[in-house]
Amino acid sequence: MIIKKRDGKKERFIPEKIVVSSIKAGAPPEVAREIAKKIEAQLSGLNEMSTTELRDMILNMLSEKNPEWKENWVAYDRSVKKRR
């Protein structure tokens, strides 16, 4: 699986990035790993996905578990990464 970044670069899908980001958003490690495994399973068989699509999937799962975790992720994107 290849992830197409916003700047056009491509990189290999690394589930651990989901785990780390989810933990930073407030999810406990076991929930973060569960989300990463679910995402990885959903992506099996796909060749490529954009970071935007991947981010949306992750945010939906975080929100289902705890809406505050999603808001933490979005707040980080706004303040640090300057995204809307």
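Refer to the structure printed above.
Report follows, based on the coordinates. This one's a predicted model, so the numbers in the text were calculated from it and none came from an experiment. (Residues numbered from 1 in each chain as written. Predicted model: local features only at pLDDT ≥ 70, side-chain atom pairs only at ≥ 80, totals over all residues. Heavy atoms only, no water.)

### Observations concerning the overall build of the chain
Here is step 1 of the chain: Per the secondary structure count, the chain includes four helices and three strands.
Here is step 2 of the chain: Starting at the N terminus and walking to the C terminus, you meet the elements of the chain as β-β-α-α-β-α-α.
Here is step 3 of the chain: In terms of C-alpha radius of gyration, the chain reaches 12 Å, essentially the compact-globule figure of 12 Å for 84 residues.
Here is step 4 of the chain: With respect to the three principal axes, the spread of C-alpha positions in the chain is 30 × 30 × 15 Å.
Here is step 5 of the chain: Counting every position in the chain, which comprises 84 residues, the buried fraction comes to 30%.
Here is step 6 of the chain: Carbon and sulfur atoms make up 49% of the accessible area of the chain, which totals about 5,600 Å². (Helix = DSSP H or I, 4+ residues; strand = E, 2+ residues; numbered from the N terminus. Rg over C-alpha atoms; globule rule 2.2 N^0.38 Å. Buried < 20%, exposed > 50% of the residue type's maximum accessible area, 1.4 Å probe, protein only. Areas by Shrake-Rupley, 256 points an atom, 1.4 Å probe, with all protein chains shown as cover.)

### Some thoughts on the nonpolar core
Here is step 1 of the chain: Within the largest apolar cluster, 22 residues are counted, with the highest numbers of intra-cluster contacts made by Ile 18, Ile 39, Leu 54 and Leu 62.
Here is step 2 of the chain: Broken down by secondary-structure element, the contributors of at least two residues to this core are α1 (15–24), α2 (29–43), α3 (51–65) and α4 (67–79). (Core = buried A, V, L, I, M, F, W, Y, C linked by side-chain atoms within 4.5 Å.)

### Things to note about the pattern of salt bridges
Here is step 1 of the chain: Within this structure, the stated rule accounts for seven salt bridges.
Here is step 2 of the chain: Glu 34 is the salt-bridge partner of Lys 38, the closest N and O atoms lying 3.1 Å from each other. Here the residue Lys 38 and the residue Glu 34 both occupy positions in helix α2, the gap between them amounting to four residues, near one helical turn.
Here is step 3 of the chain: Of the charged contacts in the structure, one is a salt bridge between Lys 65 and Glu 34, with a shortest N-O distance of 2.8 Å. With a gap of 31 residues between them, Lys 65 in helix α3 and Glu 34 in helix α2 connect regions that are remote in the sequence.
Here is step 4 of the chain: Residue class for Lys 65 comes out partly exposed when judged on its relative accessible area of 40%. (Salt bridge = Lys/Arg side-chain N within 4 Å of Asp/Glu carboxyl O.)

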